Structures are given as structure tokens and as C-alpha cells.
Amino acid sequence: MAIVNAAERGFAAGGARGMWEGMLAVQKKFYLQGTLPAYPLAQTYSQLGEKQEALKYLREAYDKRDAAIVFLNADRSFDGLREDSSFRDLLARSSQPQLN
């Protein structure tokens, strides 16, 4: 609920970008406490256009065998990363076909 509340406050204050930024602050806190995996952080960073941070957390999700990685190819959060060679490498390593 803390993430949802932060998203609502962020959206009210700054629209969609404010929502993602509000969520990120709470997600990072939970991530550092070990209660949130890396994949949701990657999604949020990607939505904010912070590609290198998104890729960093995607690599961690892959390395830790996060089950959510199976959605990588279909997850629209990562549309901005699809042309990136590091993203394509993760797709290949996770045995997922690349979408055209």
C-alpha cells in the first residue's frame, strides 16, 4: 500500500512522471530492506527513461533468477529499451525470442 499511496500523491503533484518518481522513492526503500525484488525497480526506472539504471536492475533480476524475468519480452515497461544491445542480450540469455 505504501507504493500505491506514493504513486497517488506523486500523480496528484506531478502527473505521470510524479507518480513514477513517488513510487521509486518507496520502492528503493523496500528494495534496500530486502522486501522488494529488482524487477519492479527496473520497470520504474525504465518508465522514467533512466535506461542504465533499468538495465542494472534487470541484470540483477536475471542473476537472482527472479521469476518475473519471464515477462521481460512482453512487458511494455521496457519498450524504450528494446533497441539496446544489453536488453537484447538479456532476452537472448533468458531464452526469449525477440519481438520485431
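What counts and how
Residues numbered from 1 in each chain as written. Predicted model: local features only at pLDDT ≥ 70, side-chain atom pairs only at ≥ 80, totals over all residues. Heavy atoms only, no water. Helix = DSSP H or I, 4+ residues; strand = E, 2+ residues; numbered from the N terminus. Rg over C-alpha atoms; globule rule 2.2 N^0.38 Å. Contact = heavy atoms within 4.5 Å. Areas by Shrake-Rupley, 256 points an atom, 1.4 Å probe, with all protein chains shown as cover. Lys, Arg positive; Asp, Glu negative; His and termini not counted. Charge placed at Lys NZ, Arg CZ, Asp CG, Glu CD. Buried < 20%, exposed > 50% of the residue type's maximum accessible area, 1.4 Å probe, protein only.

Participant: Honestly, the overall build of the protein chain in this entry has me stumped. Any pointers?
Facilitator: A tally of helices and strands in the protein chain yields 4 helices and 0 strands. Helices (α) and strands (β) of the protein chain occur, in sequence order from the N terminus, as α-α-α-α. Its C-alpha radius of gyration of 14 Å places the protein chain within 12% of the 13 Å reference for a compact globule of 100 residues. Overall, the protein chain is about 40 × 30 × 20 Å in size when its C-alpha atoms are taken along their principal axes. Nonlocal contacts in the protein chain, meaning residues at least 24 apart in sequence, comprise 47% of its contacts between residues at least 6 apart. Summed over all atoms, the accessible surface of the protein chain reaches about 5,900 Å², with 56% contributed by carbon and sulfur. The averaged location of the 12 negative side-chain charges in the protein chain is 2 Å from the averaged location of its 13 positive side-chain charges.

Participant: Help me understand the environment of Met 19 in this model?
Facilitator: By the secondary structure assignment, Met 19 is in helix α1 (residues 2–33). When its relative accessible area of 23% is taken as the criterion, Met 19 is described as partly exposed. Remark: the alpha-carbon pair of Met 19 and Ile 3, spanning 16 residues in sequence, is separated by 9.8 Å.

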